[in-house]
Amino acid sequence: CYSNREYLNAESAALCQEARNRLSSSLLTEQRQVRQSLPLWRQRQKIVDMIAKNQVIVLTGETGSGKTTQVPQFVLEDHELNGTGAEVRIVVTQPRRIAAISVAERVAWERGELLGKSVGYSIRLESVPPRPRGSILYCTTGILLRRLQGREGVSGITHIIIDEVHERDLETDFLLIVVRELLQNYPSIRVVIMSATVDSSIYTRYFDYCPAIAVPGMMHPVQVYYLEDLPSLMGQYSFIVPKFPKARIADDEEVDVDLIANVISWIAEAFAQTDGAILCFLPGLDHIIMVKERLLKMPGGRRLMILPLHSQIPAGEQRSAFARAPIGLRKVVLATNIAETSVTIDDVVYVVDSGKMKEKQYNPALNMNILRVQWTSQASARQRQGRAGRVRAGFCFRMYTSQVFGSMLEHQIPEMQRVPLEELCLQIKALAIVATETTPSGGPSKHSNIVSFLLKALQPPNINAVHAAIRLLQDLGAIDHLEDLTSLGMILAKLAVPPRFGKMLIYGALLGCLEPVLTMAAAACFRDPFVAPINKRDEADRMRESFSVGLSYGSDQLALVNAFEQWAAASLQGQGLLFCEQCFLAPITMKLIAGMRQQLKKTLAEAGIQEQSIRLSVQASIHVARSLLVAGLYPNIASSEFCRESRGIKHAPRWRLGFKVRNDRVLIHPTSVITEKQLNPESHYYLVFQEKVQTSQVFVRGCTLLPPLPVALLSWKVNLCSDPVPPELPGDWMVLEVEGWLKFLIDRRCGHVLLQLRE
Ligand code: ADP
Ligand code: MG
């Protein structure tokens, strides 16, 4: 009978033999050659030694140098050959789902294996786990955070590799705090922080001045030109460049699409003898469309193959950006910052950088997201420039002056400082490792532990945003006035959807109308599944609106519920893809929503929340689900009003229906299915919305129109009544108690609501 130790030793010996075979296998020659050509290969021993000797190290190297694929393999191979292979379990986090899968597949191939042996991946709703010992797991950051929250914790993991930290996404910054807190209690664990930016000092400082290693890259040189260099460069064409100083170029909001189109067409002419694609970075879809239109009107427009690349255009259309241009055509990719790091186009030689990007910034005082076009950071500008040097020496044309470059922020603002934080705060409370802080006298601390936890972040969030999140969680009943997690909060944390939607799910289950609410909550976790090809936007808008026909009150959420149900029915008959194509839906997102619904159902059942055995009729459940949006999204309510709209001197002013949030006017976002045509100017409407966004004006997104009654009822802090249904009521009534004195009863058959005051 083996002891545990003997068992591990035997397994390690087997892994050692396997690793030796792999090294000499003639089947893996190609893999070996590819790996040995990577810049990281030469540093292999140094990296392995540094990891062995230090609890934390920071490793930097440019995109493509081999960090993600090689570092975990170096560690595993080293242990395998030293006869301790069975003792390591390496977890590598990725901010993006797609990256986790494709990298895992690549590494399995490099090791001559199929996924699921020594290499695996795990992302939400999908995983191929590797064997428990002697293995590498690529997972999304969220998956590791969840695991650390659970009972399993960090046990069994020997190495945590946090990848792509330069992206500064919310979850990675959160993971950095958690991991730093872990270090003391787990002295044997090894942590590697990996970044594509040159500057590692911010991370080494964070980890108590830990050692760092920078791996030199293999990029080709890229010649950079600023706006002021263009006139002399372009000679007779220099008339296309505006004269200096020109105020509008320095303006934060402006993007000079004419200049950009001119420069692109000049590059195509001036470098006609040499091939190579042109990649142009623009802030968003509207600018992409404008530049495309201008290019097509130019004399050389017919010789260009113009390809837009943006996260909201269908996947098929996106893939064409990777195709090679036919002979005689110059490929021009018009992209957002998606092409900065997430997507690599191989044949780019010329980069035209507008210097602008769109960024959302949450304003807690206004409870509003502000979406603005603004200057990128210097780090982004360098990353954009680097995209030109992948195949050979390249050129980068910056559509701004060197002075503007000098005034740009060094790095982008981290996501933690830009987004609402309620989901993060809830997750913090659910983390077992956050000790409850106490005052010297032993009582609870005045400082909330959420705040003190977040102060430990690399760049802590705005304190007002944290307080706004805490208030919202208290309003939802997820945490109490001492900021302790309530039993509702524990369920909401497990559900892992935005907490507002988590609460709607619980109501939905109790009121017997879970199905539509599941779809709404699942959809809230992913991108909008409605995607429009650039040349069919009107058609796509009409299609989306058609899903709301038949609803007595327009609703974006219910239109989506409708689309999902029709898709699910079509999928059962093998027509799912066709349906998506006809209705401009992204099939991947629809599948994710379907998977998420299943998971949510399971989590609810595990938490002991069963759907009422008596379900509402389909019609009634739609009515109740719509009302539940108020319960979850309150106080995001707007009410209708008539506004006088002046339309310039020539036109008479006209009256139109608008909406107000408190005293501020808002507009329904153009992507909404609710249009003015559907509204009766004589009636009064309420509108519940998911998000308020400021662009050129203030818009509300994710909207549902409502009659006044549910608004009046559900905008209270509603507590579900635990009393049994009073015996005098017929069987199908559900009781809700509001703030202890108001009771209302819902007829489950028809969604009818009755009010009852308590003495
Ligand atoms: P880094 O993490 O430093 O950006 P990676 O380890 O991801 O670099 O990639 C190293 C090299 O491996 C890349 O330059 C690329 O050529 C290749 N590679 C990585 N992933 C894939 C993949 N999924 N398919 C094909 N080649 C890949
Ligand atoms: Mg990488």
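Thresholds, definitions, all that
- Residues numbered from 1 in each chain as written.
- Chains lettered and ligands numbered in written order.
- Predicted model: local features only at pLDDT ≥ 70, side-chain atom pairs only at ≥ 80, totals over all residues.
- Helix = DSSP H or I, 4+ residues; strand = E, 2+ residues; numbered from the N terminus.
- Buried ≥ 20, exposed ≤ 12 C-beta atoms within 10 Å, placed from the backbone.
- Contact = placed C-beta atoms within 7 Å.
- Near = placed C-beta within 6 Å.
- Core = buried A, V, L, I, M, F, W, Y, C linked by C-beta atoms within 7 Å.
- Pairing = 2+ DSSP bridges.
- Axes fitted to C-alpha atoms, helices over the stretch in contact; angles between N-to-C directions.
- pLDDT = per-residue confidence, 0-100.
- Parallel < 35°, antiparallel > 145°, perpendicular 65-115°, else oblique.
- Nonpolar A, V, L, I, M, F, W, Y, C, P; charged D, E, K, R; others polar.
- Expected span 1.5 Å × (residues − 1).
- Arc of directions from axis to C-beta.
- Left-handed = near helix turned anticlockwise from the far one by under 90°.

**Considering the overall build of the protein**
Here is step 1: Helix and strand content of the protein: 27 helices and 25 strands.
Here is step 2: Expressed as a percentage of its 759 residues, the buried residues of the protein come to 41%.
Here is step 3: Taking all contacts inside the protein whose residues are at least 6 apart in sequence as the whole, residues at least 24 apart take part in 68%.

**Side note on the environment of Leu482**
Here is step 1: With respect to the helices, strands and loops of the structure, Leu482 is situated in the loop between helix 18 (463-476) and helix 19 (487-495).
Here is step 2: Taking the C-alpha atoms as reference points, Leu482 and Gln697, 215 residues apart in sequence, are found 38 Å from one another.

**Thoughts on the site of ligand 1**
Here is step 1: Neighbouring residues of ligand 1: 13 residues in total, closest Gly64, Lys67, Thr68, Thr69 and Arg106.
Here is step 2: Within the residue set of the shell around ligand 1, elements represented by two or more residues are helix 4 (67-81) and helix 5 (97-110).
Here is step 3: Broken down by element, the shell around ligand 1 gets its largest block of residues, 4 residues, from helix 4.

**A few points about the nonpolar core**
Here is step 1: Ranked by size, the top nonpolar core spans 142 residues in total, and within it Cys425, Met504, Leu505, Val517, Ala521 and Leu687 carry the most contacts.
Here is step 2: At 9 residues, the largest contribution of residues to this core is made by helix 26 (residues 618-633).
Here is step 3: Those residues in contact with Ala521 that sit more than four places away from it in its chain are Val497, Phe501, Met504, Leu505 and Leu600.
Here is step 4: In terms of nonpolar packing, the next biggest core, distinct from the first, is built from 41 residues, Val257, Ala261, Ile288 and Leu307 among them.

**A look at the pairing of strand 11 (residues 304-309)**
Moving residue by residue along a regular strand, the side chains alternate between the two faces of the sheet.
Here is step 1: Across the 6 residues that make up strand 11, a large majority, 5, are buried.
Here is step 2: Bridge count between strand 11 and strand 12 (residues 330-335): 6 bridges; the pairing is parallel. Bridge pairing in strand 12 links Leu307 to Val333.

**Focus: the sheet that holds strand 8 (residues 212-215)**
Here is step 1: On the basis of which strands lie adjacent, the open sheet formed by 8 strands has the order 4-3-5-2-6-7-1-8 and mixed pairing. Looking at strand neighbours, the two that pair on one side only are strand 4 (126-128) and strand 8, the edges of this open sheet. Direction aside, neighbouring strands of the sheet carry axes that sit 20° apart on average.
Here is step 2: Note: strand 3 (residues 119-123) against strand 5 (residues 135-140), 4 bridges, orientation parallel. Directly across from Gly120, in strand 5, lies its bridge partner Leu137.
Here is step 3: Strand contacts of helix 6 (residues 141-149): strand 2 (89-94), strand 3 and strand 5, with the helix running at about 105° to strand 5, the strand carrying the most contacts.
Here is step 4: Sheet strands in contact with helix 7 (residues 170-182) are strand 2, strand 6 (159-162) and strand 7 (190-195), and its direction is about 150° off that of strand 6.

**What to know about unusual backbone geometry**
Here is step 1: Its identity as a non-glycine residue notwithstanding, Leu125 has a phi of 75°, on the positive side.
Here is step 2: Relative to the helices and strands, Leu125 resides in the loop between strand 3 and strand 4.
Here is step 3: In this structure, Arg168 is a non-glycine residue whose phi angle is positive, near 55°.
Here is step 4: With respect to the helices, strands and loops of the structure, Arg168 is situated in the loop between strand 6 and helix 7.
Here is step 5: Of the residues examined, Arg168 has 24 C-beta atoms within 10 Å and is grouped as buried.

**Regarding the confidence of the model for the protein**
Here is step 1: Chain-level pLDDT for the protein is 85 on average; 86% of the residues reach the 70-or-more range.
Here is step 2: By mean pLDDT, the top-scoring element of the protein is strand 6 (98), and the lowest-scoring one is helix 10 (residues 247-250) (44).
Here is step 3: Throughout residues 244-252 the model reports pLDDT below 50, and contacts reaching past four residues in sequence, or to other chains, amount to 9 contacts.
Here is step 4: This model gives residues 718-725 a pLDDT under 50, and the stretch forms 12 contacts once residues within four places in sequence are excluded.
Here is step 5: For this predicted complex, the interface confidence reaches an ipTM of 0.98, while the overall pTM sits at 0.85.

**Some remarks on the packing of helix 21 (residues 514-523) against helix 23 (residues 556-572)**
Here is step 1: In the contact formed by helix 21 and helix 23, the axes pass within 9 Å of each other and the chain directions differ by 105°. The angle between the axes of helix 21 and helix 23 places the two elements in the roughly perpendicular class. Here Pro516, Thr519, Met520 and Ala523 of helix 21 lie close against helix 23, whose contacting residues are Gln557, Leu560, Val561 and Phe564.
Here is step 2: Class assignment of the residues belonging to the contact of helix 21 with helix 23 gives a composition of 6 nonpolar, 2 polar and no charged.

**Section: the environment of Ser672**
Here is step 1: With respect to the helices and strands, the residue Ser672 is situated in the loop between strand 19 (664-668) and strand 20 (686-694).
Here is step 2: The spatial distance from the C-alpha of Ser672 to the C-alpha of Lys356 is 27 Å, given a sequence separation of 316 residues.
Here is step 3: In this structure, Ser672 is in contact with Asp556 and Cys703, ignoring residues within four places of it in sequence.

**Things to note about the sheet that holds strand 9 (residues 222-225)**
Here is step 1: If you trace the 6 strands from one edge of the open sheet to the other, you get 9-16-13-10-12-11, paired in parallel fashion. Here the strands that pair on one side only, and so sit at the sheet edges, are strand 9 and strand 11. The average undirected angle you get between the axes of adjacent strands in this sheet is 20°.
Here is step 2: Strands strand 9, strand 10 (277-281), strand 13 (348-353) and strand 16 (394-398) of the sheet are contacted by helix 14 (residues 378-386), whose axis makes an angle of about 150° with strand 13.

**Digging into helix 25 (residues 587-606)**
Here is step 1: For helix 25, with 20 residues, the first-to-last C-alpha span of 29 Å sits near the 28 Å given by 1.5 Å per residue.
Here is step 2: Every buried residue belonging to helix 25 is among Met590, Leu592, Ile593, Met596, Arg597, Leu600 and Leu604, and all of these are buried. In a view along the axis of helix 25, the buried residues occupy a sector of 150°, so they form one face of it. For helix 25, the exposed residues lying more than 90 degrees away from the buried face are Gln598, Lys602, Ala605 and Glu606.

**Quick notes on helix 18**
Here is step 1: The end-to-end C-alpha distance of helix 18 is 20 Å, a good match for the 20 Å that 14 residues give at a rise of 1.5 Å each.
Here is step 2: Of the positions making up helix 18, those classed as buried are Ala465, Val466, Ala468, Ala469, Ile470, Leu472, Leu473 and Leu476.
Here is step 3: Structurally, helix 18 contributes buried residues whose contacts are with strand 14 (356-363), helix 16 (422-430), helix 17 (449-454) and helix 20 (499-510).
Here is step 4: Residue Gly477 follows helix 18 closely and has a positive phi angle near 80°.

**Looking at the packing of helix 1 (residues 4-24) against helix 4**
Here is step 1: The geometry of helix 1 relative to helix 4 is characterised by a closest axis approach of 7 Å and an angle of 115° between their N-to-C directions. The angle between the axes of helix 1 and helix 4 places the two elements in the roughly perpendicular class. Helix-helix and strand crossings are classified by hand; for helix 1 and helix 4 the assignment is left-handed. In this structure, helix 1 contributes Leu15, Cys16 and Ala19 to the contact, and helix 4 contributes Glu77, Glu80 and Leu81.
Here is step 2: Considering only residue class, the contact of helix 1 with helix 4 consists of 4 nonpolar, no polar and 2 charged.

**A look at the environment of Asn82**
Here is step 1: One can find Asn82 in the loop between helix 4 and strand 2.
Here is step 2: Sequence separation between Asn82 and Thr336 is 254 residues, and the spatial gap between their C-alpha atoms is 47 Å.

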